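# Coordinate analysis (summary)
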Amino acid sequence: MKAVVARTFYWLVGGNTTVPVTLGLRNIYILPTGYGLLYLIGLGAMLIGSINYNNNLGFLLTFLLGSLGMTAMLTTYGMLYGLDLVSAAARPVFAGEPMAVDIRLAGIARPRFGIRWYIDRENRTEVDLAAGEMLRVRVYARTTHRGRFRPGRLRIAVVYPLGLFQAWARIDPNVAGLVYPRPLAGALPLAHDQTGSGQGPTLGPAGVDDFQGLSTYQPGDPPQRIHWQAYSRGRGLHTKTFADPVGQALMLDLARIRGDDTEKKLSILAFQVLRAHHHRRPFGMILGERTIPVGSGRAHRQRCLRMLALYGSS
């Protein structure tokens, strides 16, 4: 019921709330905070007492505090007024990771302080904006499953300078990002190279006998492969790598993975894509009727992950 009332209110009184947008009279709202309500109640009590006892000193103090509250309200509102949100962009992530949404602002005419940006309250960003600069503000949104993801409404709020009033705007970033399947370590059955190179079986489990060295940790690497001694020495996360007794080209085929859980199988393929790219091994992919030929490089990796993210969607 509360959500319905809120949506109706924003629909009736709201102006443009989709990026690109300039914050102004139609899309900034302001209300007293809890402290602000106490402050107003105190002012009312002081005014009644001053009238009752006809106390000029009481009137003076009441009007001074009232002026202070009015100035605070206008200052709070002014922190948002005129902010110009030019564009928004979202970066792909793996399921379960927060998606970064970059908001680009046009040049700021005057400094703004204590502005809070958030899509969900657990990932709140508070920044001060300097005058005369074109800025980017990064906010994060939670993701839970793969596919095309719209982060939802962006909240821009401020209580500066005294915390008596909160002004806010409710903006649609007008952006969608890709969420890849969460990488899941798992071995695959042998598959045959589809490139016609005649290399025979090309995919198998990682080798464990021939230690080759350390490589930078990648999401999805098995915990047992992490080199904890290096981490304890402050060298960051690294993964132990071993010689892999298989050929050069890989063909990742969804149909060859056993089981009925499609999401799990896609996660295993995502892990294998990262693994093959990390070891600079050419690979291709078969998802149902769609095939990506064997290739390599960052663009090829992104293409495969994109196909995994959108598998089964129209």
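All of these numbers come straight from a predicted model, not from anything done at the bench. (Residues numbered from 1 in each chain as written. Predicted model: local features only at pLDDT ≥ 70, side-chain atom pairs only at ≥ 80, totals over all residues. Heavy atoms only, no water.)

### Comments concerning a nonpolar patch on the surface
- On the surface, Y35, L38 and I41 cluster together to form a nonpolar patch covering roughly 410 Å² of accessible area.
- For L38, the location among the structural elements is in helix α2 (residues 34-53). (Patch = residues over 30% accessible without salt bridge, like charges linked within 9 Å, V, L, I, M, F, W, Y side chains within 5 Å. Areas by Shrake-Rupley, 256 points an atom, 1.4 Å probe, with all protein chains shown as cover. Salt bridge = Lys/Arg side-chain N within 4 Å of Asp/Glu carboxyl O. Helix = DSSP H or I, 4+ residues; strand = E, 2+ residues; numbered from the N terminus.)

### Points about the UniProt feature "transmembrane region" (unreviewed entry) in the protein
- On the UniProt side, "transmembrane region" (unreviewed entry) is annotated at positions that read residues 28-48 and 60-83 here.
- This span, residues 60-83, is 88% helix and 0% strand, and a straight line between its end C-alpha atoms measures 36 Å. (UniProt positions renumbered as here; feature names shortened; annotations may be inferred.)

### A word on the pattern of salt bridges
- As enumerated under the stated definition, the model contains 7 salt bridges in all.
- Of the charged contacts, one joins R91 and D102 as a salt bridge, the two residues approaching to 3.7 Å between their closest N and O atoms. Residue R91 is found in the loop between β3 (84-90) and β4 (93-94), and its partner D102 is found in strand β5 (residues 99-105); the two are separated by 11 residues along the sequence.
- On the basis of relative accessible area, R91 is assigned to the partly exposed category, the value being 45%.
- Three or more residues joined by partner-sharing salt bridges are found here, namely R91, D102 and R138. (Buried < 20%, exposed > 50% of the residue type's maximum accessible area, 1.4 Å probe, protein only.)

### With respect to the environment of L274
- In this structure, L274 sits in helix α5 (residues 262-278).
- Remark: the alpha-carbon pair of L274 and Q302, spanning 28 residues in sequence, is separated by 9.9 Å.

### Some thoughts on the sheet that holds strand β7 (residues 125-129)
- A sheet is described by the order of its strands in space; here 5 strands give the open sequence β2-β11-β10-β6-β7, paired in antiparallel fashion. For this open sheet the edge positions go to β2 (29-32) and β7, each flanked by a neighbour on one side alone. Across the sheet, the mean angle separating the axes of adjacent strands is 25° when strand polarity is ignored.
- As paired strands, strand β6 (residues 112-118) and β7 are joined by 4 bridges and run antiparallel to one another. Each residue of the ladder has a partner; that of R112, found in β7, is L129.
- Strands in contact with helix α3 (residues 56-80) are β2, β6, β10 (154-158) and β11 (165-171); relative to β11, the strand with the most contacts, it is inclined by about 20°. (Pairing = 2+ DSSP bridges. Axes fitted to C-alpha atoms, helices over the stretch in contact; angles between N-to-C directions. Contact = heavy atoms within 4.5 Å.)

### Side note on the pairing of β5
- Of all 7 residues that make up β5, 6 are buried, and the element is covered over most of its length.
- Pairing analysis gives 5 bridges linking β3 to β5, with the strands arranged antiparallel. Looking at β5, one finds that L85 is bridged to L105.
- Bridge count for β5 against strand β8 (residues 135-141) is 7 bridges, and the pairing is antiparallel. Bridging from a neighbouring strand, I103 pairs with V137 of β8.

### Remarks on the side chain of D253
- Here D253 is to be found in strand β15 (residues 250-253).
- A polar contact of 3.0 Å, which involves the side chain of D253, links it to the backbone nitrogen of A255.
- Excluding anything up to four places from it in sequence, D253 contacts L269 and I286. (Polar contact = N/O pair within 3.5 Å; in protein donor to acceptor, adjacent residues only side chain to side chain.)

### What to know about the nonpolar core
- Ranked by size, the top nonpolar core spans 34 residues in total, and within it L85 and W117 carry the most contacts.
- Apart from residues no more than four positions distant in its own chain, L85 is found in contact with V19, P20, V21, L23, I103, R104, L105, W117, L154, I156 and I171.
- Core analysis: the second largest hydrophobic core is formed by 24 residues, Y180, I268, L269 and V273 among them. (Core = buried A, V, L, I, M, F, W, Y, C linked by side-chain atoms within 4.5 Å.)

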